[in-house]
Amino acid sequence: MSTQMNIEPSSQTFADLMSSNTRYLVPRFQRDYSWEQEQWEDLWNDIRELEQEGSHYMGYIVLQQKEKNQYEIIDGQQRMVTLTLLILAYMSKLKSFIENDEDKEDNEERLEVISKRYIGVKSLITLSVDSRLTLNRNNKTYFKDICDNLKPSNPTQITVSNNYIRKAFEFLVSKIELDNGLAIAENIEYFTSSLVFTKIVVQDSINAYKVFETLNARGVMLSTPDLIKNYIFSTIAQTGFVTDSELDELDEKWSSVISQLGEKNFTDFIRHLFNSEHEFVTKKDLFKKVREKYQTPQEASSYLNSLSKNAALYTSLLNHHEEWWKSIDQKYIEVKPYLESFKLFGIKQPNIVLLAAYQKFTPEEFVKTAKYLYVLSIRYNVICNHSASEQEKRYNTIAQNISNGSIKRASKVKDSNEFKELYPNDDYFKKIFSFYKMPSRKSSKKIRFLLTQIEKSSGRNIDYLAVTLEHICPYNPEQEWIEAFGVGVNDVSDRLGNMVLLDRDELKRSSFVDKQRVYLDSPYRLASEVAKYQTWTLEDVDKYQDWLSDQAVKTWRVDYQ
């Protein structure tokens, strides 16, 4: 394969992949089996729909050739393992027919043919299967046991990933309703020749990583956790002086990071951590930059330790309810409301700065930094809906300056050019807020949060989860409201200027006069303000939302003096 990476993929069915005595190895350091019921069901449904579709595309499988007819699976392990478990589930059914003396001779022959073609050949001495597919060191023995016995064992202490294998096998067995061996054989022949992969074979690890980068550039996202783990552990082990027990310890450290974060957050974590310390990297270029930065065994080991050290912090930044917060200086607790707001609105960019600030700032300065980022997030992300990619680049500069000591306290964060460039000024923020809409049926919690913060700015402490969102002009208005708003009645329902907070919403589609009486007695500032209006028309909504935008400017403000 050339330096230019002229990838020449081939299309192969699952039957093609398993032909010619080909053997597949899951690399020692690749992640464990991790598919759950959602993925098993998706695969099963894809197979069931083959009768209508004729074939189904299974995506890329990237292989590294080790010897003739022997390959390491760089990407595609989860699919290959689950499809093999499906074959084993069919074989388990065949075995039950044999044990019940149903078409015994033919079914025994079918079982032997299927095993040779897809699973492996049994040793005459040990009666153990020489598996065509060998999993990593954590899953290898358990998976092979199913290959040997066509049923999963139930040890007293089973690892999480082996339990996924057991449950996947049991799930697939439960889905097979065929009542004879011939039907099973026909099903296997049909689905194995109808599931199509794009197969890419590389000759060495360098090319394997180039495949990853090239496919990423083409929009085909391979598994970043798999490849980074493989690269880091292979780099650590390249000296040849690392013992198995040391590798086990490192593997436990890696597994701990994954289990804390979950795979969905892992890529964000390693990118945000990288961007908190080094020059900005996009998701597409992340693996390339990690590989460039950590090339020696010492650098790779240091990087793994950094991931382990920061995983609990990052997990706790994503979830302010984590027990971790109880184990640190309680001055940090004041950051929780800001973290809650980031989670509510799905804003992760501040974590780039917070990862750096936690390492360098005092608890008080860390909390102040989070507050500034919170104010900016409401203005920039939530209301003005500006580009998160531009924001990340500027946060990267701020984080680097915190990491290298150029920024030593929170006030320097908000005074930095990068922060000021992002910060929407009062006039602009007020203009956008004055006509801001949010789909209230999907985003009620978010709207309640925003309105609660404005209520709180007058000194009243309110829990946004304990209040009710009230539409002044009802969401499904009756004729009286339609006459008041005319053609604009449908445009007003999701305007922030058409909403207030109440303890209970019993007004429903009442007239404005009836609602006004309740608003007058309400302890909520916004409802009391609406009660001052004599009518409620589109013009009144505009006036009230203009007033509301003034309150928003005061509520979410960074003071520059």
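The sections below set out a description of the structure shown in this document. (Residues numbered from 1 in each chain as written. Predicted model: local features only at pLDDT ≥ 70, side-chain atom pairs only at ≥ 80, totals over all residues. Heavy atoms only, no water.)

## Quick notes on the environment of Leu 376
Move 1: Relative to the assigned elements, Leu 376 resides in helix α17 (residues 363–383).
Move 2: For the pair Leu 376 and Ala 357, spaced 19 residues apart in sequence, the C-alpha separation works out to 17 Å.
Move 3: If sequence neighbours within four positions are ignored, Leu 376 has contacts with Asn 381, Tyr 395, Phe 419, Leu 422, Tyr 423 and Pro 424. (Helix = DSSP H or I, 4+ residues; strand = E, 2+ residues; numbered from the N terminus. Contact = heavy atoms within 4.5 Å.)

## Remarks on the nonpolar core
Move 1: Among the nonpolar cores identified, the biggest contains 117 residues, and Ile 232, Trp 536 and Trp 556 are the most heavily contacted of them.
Move 2: If you tally residues by element for this core, the top one is α17, at 12 residues.
Move 3: Setting aside residues no more than four positions away along its own chain, Ile 232 makes contact with Val 290, Ala 300, Tyr 303 and Leu 304.
Move 4: Counting residues in each nonpolar core, the second largest holds 53 residues, with Leu 85, Phe 97, Val 129 and Phe 191 among its members. (Core = buried A, V, L, I, M, F, W, Y, C linked by side-chain atoms within 4.5 Å. Buried < 20%, exposed > 50% of the residue type's maximum accessible area, 1.4 Å probe, protein only.)

## Observations concerning the packing of α17 against helix α21 (residues 426–433)
The axes of two packed helices give the description: the angle between them and the distance between them.
Move 1: At a minimum axis separation of 11 Å, α17 and α21 run at an interaxial angle of 45 degrees. By the angle between their axes, α17 is oblique relative to α21. Remark: the crossing between α17 and α21 carries left-handed chirality. Residue-level inspection shows Ile 378, Arg 379 and Ile 383 of α17 in contact with α21, the latter providing Asp 426, Phe 429, Ile 432 and Phe 433. (Axes fitted to C-alpha atoms, helices over the stretch in contact; angles between N-to-C directions. Parallel < 35°, antiparallel > 145°, perpendicular 65-115°, else oblique. Left-handed = near helix turned anticlockwise from the far one by under 90°.)

## Brief notes about the pairing of strand β4 (residues 70–75)
Move 1: Among the six residues that make up β4, six are buried, leaving the element largely enclosed by the rest of the structure.
Move 2: Direction of pairing for strand β2 (residues 23–25) relative to β4: parallel, over a ladder of three bridges. Its bridge partner lying in β4, Arg 23 is registered against Gln 70.
Move 3: Looking at chain direction, strand β3 (residues 56–67) and β4 are connected through five bridges and run antiparallel. Paired with Gln 64 across the bridge in β4 is Glu 72.
Move 4: Adjacent in sequence and paired antiparallel, β3 and β4 are bridged by two residues, among which Asn 69 carries a positive phi angle near 65 degrees. (Pairing = 2+ DSSP bridges.)

## A word on the packing of aromatic side chains
Move 1: Applying the stated criterion across every chain, the model contains 25 aromatic pairs.
Move 2: Relative to Tyr 303, the ring of Tyr 294 lies with its centre 4.2 Å away and its plane at 20 degrees, an arrangement referred to as stacked.
Move 3: We classify Tyr 303 as buried; its relative accessible area is 4%.
Move 4: Members of the aromatic cluster, joined through ring pairs, are Trp 324, Trp 325, Tyr 332, Tyr 358 and Phe 366.
Move 5: Geometry around Tyr 71 places Lys 199 over its ring, the cationic atom sitting 5.4 Å from the centre. (Phe/Tyr/Trp six-rings, centres within 6.5 Å; stacked < 30°, edge-to-face > 60°. Lys NZ or Arg CZ within 6 Å of the ring centre and 35° of its normal.)

## Focus on the pattern of salt bridges
Move 1: Taken as a whole and judged by the stated rule, the model has 26 salt bridges.
Move 2: Its salt-bridge partner being Glu 390, residue Lys 393 comes within 3.7 Å of it at the nearest N-O pair. You can see Lys 393 and its partner Glu 390 sitting in helix α18 (residues 388–403), three residues apart, about one turn around the helix.
Move 3: Judged by its relative accessible area of 38%, Lys 393 falls in the partly exposed class.
Move 4: Where Arg 394 meets Glu 390, a salt bridge forms, and the shortest distance between an N and an O atom there is 2.9 Å. Of the two residues, Arg 394 and Glu 390 are both situated in helix α18; the distance of four residues between them amounts to about one turn of the helix.
Move 5: A relative accessible area of 23% means that Arg 394 is categorised as partly exposed.
Move 6: Through salt bridges with shared partners, a single ionic network connects Glu 390, Lys 393, Arg 394 and Glu 421. (Salt bridge = Lys/Arg side-chain N within 4 Å of Asp/Glu carboxyl O.)

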